[in-house]
Amino acid sequence: MRFLIVDDKEVITELLSALVGSMGYSYQCASDGLSAYDLFCKQPFDIIITDLMMPGMKGDKLIKKVRERDSDIIIIVITGYASIETAIDVMKEGAFDFIKKPFHVSEIQLIIKKAVDFHQIRDKNRKYSDEMKIAQGLRNKLIYQPDQSISGLKIGVEAIFLEELGGDVYNVIQLDKDNVFIYIGDVSSRGVSASLLFSMVHTVINESIPITTSPQEVLSRVNSSLNSYLGGDTYNFVTLLVMKINLRTNLMTYARAGHNRPLISRGTELIPCSDSD
């Protein structure tokens with residue numbers, strides 16, 4: 001975390017730099033708005049602590065110019081002329097917080113901690129959001145698209161995906177003109193890790209099908225791969241239902257691991273399959 005400390009009074013910059021340094025953060029100091037802006041343009045900073053009333057470029061103008069180049073930077077304002085109007089004005093210009101001179105060290109320390117926490121949480125949220133986009137893109141490339149058509153088979157899909165990109169996953173693979181392979185799973189994890197698990201399941205199944213189309217054998221191969229990948233991790237897992245349907249004979253064979261049994265529709269009834277059927 002890099003700080004830029006701006007004040008025309010040396011005693012203030014020395015106090016603030018000592019405080020910021022004691023909290024484990026790096027810093028640069030400037031004695032006026034113009035030199036501060038020059039430093040800002042030459043190197044990256046995460047947080048600026050600036051006085052308002054300074055010779056040359058004042059703090060409010062510095063805030064405006066900084067905001068034009070970096071809308072995300074956190075700015076803490078220190079002023080000896082604090083009032084409700086001042087607070088409103090600096091907040092409108094994009095200040096994170098302000099503090100009135102003279103101040104207690106504990107007071108400015110608390111505001112610095114709040115600013116650092118805010119910066120870290122915001123960065124984590126952005127990283128998480130980026131990961132979600134990657135995960136969603138990966139999932140969308142892997143799953144069966146409902147507009148695909150398979151002769152002799154009507155497919156209806158109702159899937160409500162969680163924002164965290166966990167929940168149910170599925171795919172439909174046409175083996176040949178008579179046989180279709182379907183799998184439905186539930187991934188325990190979320191985000192990128194969920195998509196990676198789903199990607200592994202998808203890959204293992206597709207690699208297995210040229211070797212065997214037995215649901216039990218495919219499930220066994222998936223289980224072996226996941227056990228090897230996850231090791232002793234008990235927090236991430238996949239439940240899976242694997243089915244093979246012969247469209248000519250209407251014979252369905254399936255194997256499952258932790259997932260619900262399939263249902264057969266007969267008239268108005270939905271009848272759970274027996275694992276021994």
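These numbers were taken from a predicted model, which means no experiment stands behind them. (Residues numbered from 1 in each chain as written. Predicted model: local features only at pLDDT ≥ 70, side-chain atom pairs only at ≥ 80, totals over all residues. Heavy atoms only, no water.)

Asks: Where do I start with the nonpolar core in this structure?
Replies: The biggest cluster of nonpolar side chains holds 20 residues, and the ones touching the most others in it are Leu 4, Val 6, Ile 48 and Val 66. Counting residues per element, the ones that place at least two in this core are strand E1 (2-6), helix H2 (33-42), helix H3 (59-69) and strand E4 (74-79). Ignoring any residue separated from it by four or fewer positions in sequence, one finds Leu 4 in contact with Gln 28, Ala 36, Leu 39, Phe 40, Phe 45, Ile 47, Ile 48 and Ile 49. Membership of the second largest hydrophobic core comes to 19 residues, among which are Tyr 183, Ile 209, Leu 219 and Leu 226. (Core = buried A, V, L, I, M, F, W, Y, C linked by side-chain atoms within 4.5 Å. Buried < 20%, exposed > 50% of the residue type's maximum accessible area, 1.4 Å probe, protein only. Helix = DSSP H or I, 4+ residues; strand = E, 2+ residues; numbered from the N terminus. Contact = heavy atoms within 4.5 Å.)

Asks: Help me out: how do you make sense of the packing of H2 against H3 in this one?
Replies: A pair of packed helices is captured by two measures, namely the crossing angle of their axes and the spacing between those axes. For the pair H2 and H3, the least separation of the axes is 10 Å and the interaxial angle reads 15°. Classified by the angle between their axes, H2 and H3 sit roughly parallel to one another. The two elements H2 and H3 meet at a crossing, and its hand is right-handed. Residues Gly 33, Ala 36, Tyr 37, Phe 40 and Cys 41 of H2 pack against Leu 62, Lys 65, Val 66 and Arg 69 of H3. (Axes fitted to C-alpha atoms, helices over the stretch in contact; angles between N-to-C directions. Parallel < 35°, antiparallel > 145°, perpendicular 65-115°, else oblique. Left-handed = near helix turned anticlockwise from the far one by under 90°.)

Asks: What am I meant to see in the pattern of salt bridges here?
Replies: Should their charged atoms come close, side chains of opposite charge can pair. Within this structure, the stated rule accounts for five salt bridges. A salt bridge links Lys 42 to Asp 38, with the shortest nitrogen-to-oxygen separation between them at 3.1 Å. Of the two residues, Lys 42 and Asp 38 are both situated in helix H2; the distance of four residues between them amounts to about one turn of the helix. Through salt bridges that share partners, Lys 177, Asp 178 and Arg 248 make up one connected network. (Salt bridge = Lys/Arg side-chain N within 4 Å of Asp/Glu carboxyl O.)

Asks: Before we go on, may I ask you to explain the pairing of strand E10 (residues 263-266) in this structure?
Replies: On any regular strand, side chains alternate: one points to one face of the sheet, the next to the other face. As paired elements, E10 and strand E11 (residues 269-272) share four bridges and run antiparallel to each other. Across the sheet, Arg 266 pairs through a bridge with Glu 269, a residue of E11. (Pairing = 2+ DSSP bridges.)

Asks: Mind showing me how you'd approach the sheet that holds E4 here?
Replies: The strands making up a sheet are joined through hydrogen bonds of the backbone, oriented either antiparallel or parallel. The strand order E2-E1-E3-E4-E5 describes an open sheet built from five strands, whose pairing is parallel. The outermost strands of the open sheet, each flanked by one partner alone, are strand E2 (26-30) and strand E5 (97-100). In this sheet, adjacent strand axes meet at a mean angle of 15° when their direction is disregarded. Summarising the sheet, strand E3 (residues 47-51) and E4 pair through five bridges and their orientation is parallel.

Asks: What's the story with the pairing of E1 in this structure? I'm lost.
Replies: Among the five residues in E1, four count as buried, and that is most of the element. Pairing of E1 with E2 involves five bridges; the strand directions are parallel. Paired with Phe 3 across the strands is Tyr 27, a residue of E2. After leaving E1, the chain enters helix H1 (residues 10-22) and then returns to the sheet as E2, a path that is right-handed. (Right-handed = clockwise from strand over helix to strand, strands pointing away.)

Asks: It is not clear to me how the packing of aromatic side chains should be interpreted in this structure. Could you clarify?
Replies: The way to describe two aromatic rings as a pair is by their centre distance and the angle between their planes. Across all of its chains, the model carries three aromatic pairs by this definition. Between the aromatic rings of Phe 96 and Phe 118, the centroid separation amounts to 5.4 Å while the plane-to-plane angle is 45°, which identifies the pairing as tilted. Note that Phe 96 is positioned in the loop between helix H4 (84-92) and E5 and Phe 118 in helix H5 (residues 105-142), a separation of 22 residues in sequence. The exposure class assigned to Phe 96 is partly exposed, which follows from its relative accessible area of 26%. (Phe/Tyr/Trp six-rings, centres within 6.5 Å; stacked < 30°, edge-to-face > 60°.)

Asks: How should the confidence of the model for the protein be read in this particular structure?
Replies: Should the pLDDT be low somewhere, the predicted coordinates at that spot are not to be read in detail. Chain-level pLDDT for the protein is 80 on average; 79% of the residues reach the 70-or-more range. Ranking the helices and strands of the protein by mean pLDDT puts E1 first, with 95, and H4 last, with 70. (pLDDT = per-residue confidence, 0-100.)

Asks: I keep staring at H3 and nothing clicks. Help me out?
Replies: At 3.6 residues per turn, the α-helix brings residues three or four places apart onto the same side. For H3, the set of buried residues is Gly 59, Leu 62, Ile 63 and Val 66. One side of H3 holds all its buried residues, which, seen down the axis, span an arc of 100°. Where H3 is buried, its residues contact E1, H2, E3 and E4. (Arc of directions from axis to C-beta.)

Asks: I'm lost on H1 in this one. Help?
Replies: The terminal C-alpha atoms of H1 lie 18 Å apart, and with 13 residues this matches the ideal 18 Å at 1.5 Å per residue to within 8%. Within H1, burial applies to Ile 12, Thr 13, Leu 16, Ser 17, Leu 19 and Val 20. In a view along the axis of H1, the buried residues occupy a sector of 160°, so they form one face of it. Along H1, the residues that are exposed and aim more than 90 degrees away from the buried face are Glu 10, Val 11 and Ser 22. In the stretch just after H1, Gly 24 is the one whose phi turns positive, near 90°. (Expected span 1.5 Å × (residues − 1).)

Asks: What exactly am I supposed to notice about the environment of Ile 75 here?
Replies: For Ile 75, the position within the fold is in strand E4. With residues near it in sequence (within four places) discarded, Ile 75 still touches Ile 48, Thr 50, Ile 63, Val 66, Arg 67, Ala 95, Phe 96 and Asp 97.

Asks: Just to check I follow, could you spell out unusual backbone geometry for this structure?
Replies: Across residues other than glycine, the phi torsion is negative in most instances, and most of the peptide bonds are trans. A positive phi angle, near 60°, is found at Asn 250, a position not held by glycine. Position of Asn 250 relative to the elements: it lies in the loop between strand E8 (238-246) and strand E9 (251-257).

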